[in-house]
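Structural features, examined
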Amino acid sequence: MSEATPSAPLRRNRLASLSFWDAVFALCVLIVCVLLILPLTKVLYVGFLDPETGAFTLNNYIEVLTRRYYVGALQNTLLVGAGGMLGACLIGVPLAYFVARYHVTGRNLISTVAVLALVSPPFIGAYSWILLLGNNGAITRAFRDLGVHLPSIYGTAGIILVFSLKFFPFVYLMTEGALRAINRSYEEAAANLGCSPVKSFFAITLPLVFPAVSSGAILAFVLSIADFGTPAIIGRNFRTLSTIAYNQYTAEMGGTPSTAVAISMVMIAISMAAVFLQRFILAKRRYAGSFTNLPIKKPLHGLFGAGVHAFCYLVVVLAAVPMVVVFYTSILATNGPVFTGEFGFSSYARVWNELPNVVGNSFLFATAAVAMITLASAFISYLVVRRETLAASVLDSVLMVPYVVPGVVMAIGFALTFNRAPVDLIGTAFIIILIVFIRRLPYGVRSTSSILRQIKPSIEEAAVNLGSPPAKAFLKVTVPIMLPGIIVGAMMSFITAINELSSTLLLYTGSTATMPIKIYSAVLDGEFGLAAALSTILLVSSGICVFIVFRLSESREGAFV
Amino acid sequence: MARVKIENLKKSYSDFVALKNISLDIASGAFFTLLGPSGCGKTTLLRAIAGFHRQDSGSIQVDGESIGDKPAHLRDVGMVFQDYAVFPHLSVFDNVAFGLRQRKVSSAELKQRVGEILEIVQLAPLADRMPHQLSGGQQQRVGLARALVIRPKVLLMDEPLSNLDAKLRVELRRDIRALQQEFGITTIYVTHDQEEALAISDEVCVMYGGVAQQVASPWDIYSRAGNLFVASFVGSNNRLKGALANGRLAIGEQASERPFNLPDGPVIATIRPEKVRLGRDAGEDAFSLKGTVRHAMFIGRELEVSIATQDGVVDALVKPEARAVALKPGDPIEASLPVADLMLYDDAENGRLLA
């Protein structure tokens, strides 16, 4: 037999694989260019335009970086970002250590509450704490009756409190995972060389989990500085970059939003600096986790045991406060915005009667975005994981961008890009779906990629070897194996999609309002009952998704970070 | 230099007894090896000495001082770990210096001592490297240097070579033995590799089921295995059913010429494969078993011949001479078992050595 004959069908196969995956790749690149790079370039570009004349200028940036109003907001942003990060670490690291290394009673409760806190709507923390510790809050009044005046919850302290309690789960979940994967021998070697347990924690254990701690911390920092709802609600006159970017944008509405854009770029710069700093730190310290010889949990006794449990349960209670308050408030009877003092479902009745379209929108938009995310994630992660080309890894890196771009900024980019024919999407449902899609796509890609990495390529190669075309092999063999992971990814995307506020707030119109938007305006209007009922609906939806993830995912809470 | 004395040490995990009443007396400066299959309790014993878990009862003494109740970090017994446990975030120098820093050694002395020990383990040029830049063998040298530099009274080694490839293992075990002799440090070494245990030790303790089966020199362990477990675990061995009748040993139809001063009854006879000969030697007091070749394998220095006889399978290890190499499965053959090389054991689950 000649050599050319058997290779002919093979070559055709390779050609087919080339054309199919290249088409997919081209489509992915197109999506990323139009939905990510174009809007952000637009934002960058507009920042250099004079709002009056449209001429090139550096004035916007000079103004943002020199005028007290902006500089103050910048300082505030860094302050609450650092504060939120520090608070998250101070809660998350000890909690992780206790849960990972000791037999803490109720470990599952702790991680479940941590995950629920993570997926709860972004600003319910802010207004729940106002309901408790605000000027007219329940706890404030109780103490006032006793003659004690509590310090004000409004402003820096309140924001940092809310951020710490909202973002500690990132630090906790990441650190706990890392602590459980440390080879036991390291700590034993330290003890054997004369190191006391406390010293060994700081000399050995903490440095070894530092990559995980810093990942959680940076996430807390980036999300803190990007958060819009919390400072807007609990900040009073406390300005951060995301609140002034939003205000500036709404003030500049109709004109060129040059200042809002300049502020946005500053926010992106901070986030990126944080991420690069972390990458720089991590580059030097990568320690492989261990799969054998893992640490054994120790039993807790006496005073130390009581102290550990007290700490863990205090964290659980504080983290659960917003959820409990929201639910409790939602079942208080109201008459308009006023609570009557009895229990009742009038808030839910109002949602049912006045806002059915808002609830419908939320579910519709989130479902649509998630469907797109899931589909795109499956293909993109295949490209990134299986076809380790330079182009694919560039695509992977570009998909990091949405992590560091605050929602407000992304929304401004969308508003600038899709505002005139042929793609005038302003005011449509489509623009809301698209922005949620692109903002949450990286999370989907990341979770799908990690599953795909666990599936050996040889499985798919076997299918191709047995005569299945590559595309079919992927769909018939790889996808079914990935399915549980894909569902987990979809559930997580759904949670973030249905809770999205910071980007949609800039893009919605009356008919495309969603639950988070309505909650935000209800809180500002003092309609706490209505806000609570909507928040409870969001919370329950997120909770159901969490339940599904727990059932399908091997690592349970590990899936959320 | 320190004598280690372990008395009546017991340890169990819920329903599993890991150590049943272990008593050992290890001479100062000895290289003492705990040898046994996985799950035999050897690592549990070592870790009890290191203080990583508490014994249920019994005492551990080093130089007459009881250390059984001390926390691990105050015991002053150096340990080398199976998985190296070289701190991944510290350089070679800082790894080795770690124990000295805990002991608040002055920085000048610290530098000098770390420098010296790195010189000894041939890692001086790599002092500034990070662990991930080292090979497995180099990492284990760091582990060794780190344990030796604190000048512990006792050195514990938990299968330190098991993660290395065969050639490196032999090289490093020579180095370990040389270092141990140079420092004169009492060393307790855990391994499941019998060749390693025989090669390196002054004394070997074979463990099985949480019990010390035999404590003896490597030569005695091999040539006078104390019971059937030791006989079959250390080196390979042939087992044959036999009986003592009228002071003679009988296997099958044959009886020994040589008398045995033992009571009559069934026994288990063992013989090392290298003592088995092919063919019959006239005039020697030997059992001659007729059989056929099951397989013959040439393994380099020797030829392994497995023979099926009426009294069971007999494996022989012989010189690879032309006649022997030509053997094929099914060939008729005779195996000769010299009576002088037979060891007799009680016919029981783990029978004791009789003679």
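How each quantity is defined
- What you see as residue numbers is a count from 1 along each chain, following the sequence as written.
- Chain letters start at A and ligand numbers start at 1, both assigned in the order the entries are written.
- pLDDT decides what is reported in this predicted model: residues at 70 or higher carry local features, side-chain atom pairs at 80 or more are listed and counted, and totals for whole chains, interfaces and linings draw on all residues regardless.
- Under the DSSP-based scheme used, a helix requires at least four consecutive residues in state H or I and a strand at least two consecutive residues in state E, with every element numbered from the N terminus.
- Put simply, the radius of gyration uses C-alpha atoms, and a globule should come to 2.2 Å times the residue count raised to 0.38.
- Remark: residues whose backbone-derived C-beta atoms lie within 7 Å of one another are considered to be in contact.
- The exposure label follows from counting other C-beta atoms within 10 Å of a residue's C-beta, where the C-beta atoms are placed from the backbone and the thresholds are 20 or more for buried and 12 or fewer for exposed, leaving partly exposed in between.
- UniProt positions are given in the numbering used here, feature names are shortened, and annotations may be inferred rather than shown by experiment.
- Strands qualify as paired when DSSP identifies two bridges or more between them.
- Bend at a given residue is defined as the angle between two axes, one fitted to the seven residues that end at that position and one fitted to the seven that begin there.
- Boundaries between domains were set according to an automatic or database domain assignment.
- For this classification, the nonpolar set comprises Ala, Val, Leu, Ile, Met, Phe, Trp, Tyr, Cys and Pro, the charged set comprises Asp, Glu, Lys and Arg, and every other residue, Gly included, is treated as polar.
- Angles run from 0 to 180 degrees between N-to-C directions of axes, and those axes are lines fitted to C-alpha atoms, restricted for helices to the stretch in contact.
- Helix crossings get a hand from a simple test, with the near helix turned counterclockwise from the far one by less than a right angle marking a left-handed crossing and a clockwise turn marking a right-handed one.
- Each angle gets one of four labels, with under 35 degrees taken as roughly parallel, over 145 as roughly antiparallel, 65 to 115 as roughly perpendicular, and the rest as oblique.
- Expected span, for any helix, means 1.5 Å times one less than how many residues it has.
- Seen with its strands pointing away from the viewer, a crossover is right-handed if its path from the first strand over the helix to the second goes clockwise.

So, about the overall build of chain A. For chain A, the count of helices and strands is 24 helices and two strands. At 25 Å, chain A has a C-alpha radius of gyration in line with the 24 Å of a compact globule built from 561 residues. Over its C-alpha atoms, taken along the principal directions, chain A stretches across nearly 100 × 70 × 50 Å. Pairs at least 24 apart in sequence give 80% of the contacts found in chain A among residues at least 6 apart.

We now examine the overall build of chain B. Helix and strand counts for chain B stand at nine helices and 20 strands. Projected onto its principal axes, the C-alpha coordinates of chain B cover approximately 75 × 45 × 35 Å. The proportion of buried residues among the 355 residues of chain B is 40%. Long-range pairs, those at least 24 residues apart, make up 65% of the contacts in chain B between residues at least 6 apart in sequence.

Here the UniProt feature "domain: ABC transporter" (unreviewed entry) sits at residues 4-234 of chain B. Helix makes up 37% of residues 4-234 of chain B and strand 26%, and the two end C-alpha atoms of the span are 25 Å apart.

Attention shifts here to the sheet that holds strand β11 (residues 238-245) of chain B. Residues and elements named next belong to chain B. Taken in spatial order, the five strands of this open sheet run β13-β12-β11-β14-β20, and their pairing is antiparallel. Of all strands in the sheet, those bounded by a partner on one side alone are β13 (254-255) and β20 (343-346). The pairing of strand β14 (residues 265-271) with β20 spans four bridges and is classified as antiparallel. The residue bridging Ala269 from the neighbouring strand is Leu344, located in β20.

Here we take up helix α9 (residues 197-226) of chain A. Remark: the principal bend of α9(A), roughly 55°, maps to A:Phe210, with a proline, A:Pro211, within the next four residues. Of all 30 residues in α9(A), 21 are buried; the element is thus mostly enclosed.

What follows deals with the domain arrangement of chain B. In many reports, interface size means the accessible area that the parts give up when they come together. All names here are of chain B. As assigned here, chain B comprises domain 1 (4-232) and domain 2 (236-346). Measuring from the centre of the C-alpha atoms in domain 1 to the corresponding centre in domain 2 gives 39 Å. Split by residue class, the side of domain 1 that touches domain 2 holds three nonpolar, two polar and no charged.

What follows concerns unusual backbone geometry. Residues and elements named next belong to chain B. Residues other than glycine seldom take positive phi values, yet Ala85 does so here, at roughly 50°. Within the secondary structure, Ala85 sits in the loop between β6 (77-80) and α2 (92-102). Under the C-beta neighbour-count criterion, Ala85 is labelled buried, with 27 such atoms within 10 Å. Positive phi, close to 60°, is recorded for Gln122, a residue that is not glycine. Checked against the element boundaries, Gln122 lands in the loop between α3 (107-120) and α4 (136-149).

Bringing the sheet that holds strand β10 (residues 211-216) of chain B into the picture now. Residues and elements named next belong to chain B. Strand order in the open sheet formed by six strands is β6-β7-β8-β3-β9-β10, with mixed pairing between adjacent strands. The sheet terminates laterally at β6 and β10, the two strands that pair on one side only. Strand-to-strand twist across the sheet, computed as the mean angle between neighbouring axes with direction ignored, equals 20°. As paired strands, strand β9 (residues 203-208) and β10 are joined by five bridges and run antiparallel to one another. Pairing of Tyr208 across the sheet is with Val211, part of β10. Relative to the sheet, α4 contacts β6 and β7 (154-158), its axis offset from that of β6 by approximately 180°.

Looking now at the packing of helix α4 (residues 107-119) of chain A against helix α13 (residues 302-330) of chain A. Residues and elements named next belong to chain A. Running from N to C, α4 and α13 point in directions that differ by 35°, and their axes come no closer than 9 Å. The way α4 lies across α13 gives a crossing that is left-handed. Contacts from Leu109, Ile110, Val113, Ala114, Leu116 and Ala117 of α4 reach α13 at Cys312, Val316, Ala319, Ala320 and Met323. Split into classes, the residues belonging to the contact of α4 with α13 amount to 11 nonpolar, no polar and no charged.

Moving on, we get to the packing of helix α21 (residues 470-498) of chain A against helix α24 (residues 528-552) of chain A. Helix-helix packing: each pair is described by the crossing angle between the helix axes and the interaxial distance. All names here are of chain A. Following both chains from N to C, one finds α21 and α24 inclined at 165°, their axes separated by 9 Å at the closest point. By the angle between their axes, α21 is roughly antiparallel relative to α24. By crossing handedness, the relation of α21 to α24 is classed as left-handed. Packed against α21, whose contacting residues are Pro484, Ile487, Val488, Met491, Met492, Phe494, Ile495 and Ile498, the element α24 presents Leu538, Ser541, Ser542, Cys545, Ile548, Val549 and Leu552 at the interface. Class assignment for the residues of the contact of α21 with α24 results in 13 nonpolar, two polar and no charged.

Right, let's talk about the interface of chain A and chain B for a bit. Between chain A and chain B, the residue contacts involve 17 residues of the former and 18 residues of the latter. Of all the secondary structure elements, the ones that give two or more residues to the side of chain A that touches chain B are α8 (184-192) and α9 of chain A. Per-element accounting of the side of chain A that touches chain B gives the leading share, six residues, to α8(A). Per-class residue counts for the side of chain A that touches chain B are nine nonpolar, six polar and two charged.

On to the domain arrangement of chain A. Residue and element names in this part refer to chain A. Entries for chain A in the domain assignment read domain 1 (16-46 + 331-561) and domain 2 (68-329). Each side of the interface is counted separately: domain 1 has 36 residues, and domain 2 has 43 residues. Of all the secondary structure elements, the ones that give two or more residues to the side of domain 1 that touches domain 2 are α1 (4-46), α18 (407-417), α23 (515-524) and α24. Of the residues forming the side of domain 1 that touches domain 2, the biggest block, 11 residues, is contributed by α24. Of the residues in the side of domain 1 that touches domain 2, the class split is 26 nonpolar, nine polar and one charged.

To continue, consider α4(B). For an α-helix the count is 3.6 residues per turn, leaving residues at separations of three or four pointing the same way. Residue and element names in this part refer to chain B. Here α4 is 14 residues long and its end C-alpha atoms lie 20 Å apart, about the 20 Å a rise of 1.5 Å per residue gives. The element α4 is extensively covered by neighbouring structure, given that 11 of its 14 residues are classed as buried. For α4, the elements touching its buried residues are β6, α2, α3, β7 and α5 (166-183). Arg151, located one to two residues past α4, shows a positive phi value of around 50°.

Turning next to the pairing of strand β8 (residues 186-191) of chain B. Residues and elements named next belong to chain B. Burial analysis of β8 places six of its six residues in the buried class, the great majority of the element. Alternating positions in β8 separate into two faces, Thr186, Ile188 and Val190 on one and Thr187, Tyr189 and Thr191 on the other, with burial throughout. Where strand β3 (residues 31-35) and β8 come together, five bridges link them in parallel fashion. Of the residues in β8, the one forming a bridge with Leu35 is Thr191. Where β7 lies against β8, five bridges are found, and the strand directions are parallel. Following the sheet pairing, Met157 is matched in β8 by Tyr189. Handedness of the β-α-β unit built from β7, α5 and β8 comes out right-handed.

Right, let's talk about the pairing of β7(B) for a bit. Residues and elements named next belong to chain B. Among the five residues that make up β7, five are buried, leaving the element largely enclosed by the rest of the structure. Burial along β7 is two-sided: the residues Val154, Leu156 and Asp158 and Leu155 and Met157 are all buried. Summarising the sheet, β6 and β7 pair through four bridges and their orientation is parallel. By the bridge assignment, Val80 is partnered in β7 with Met157.

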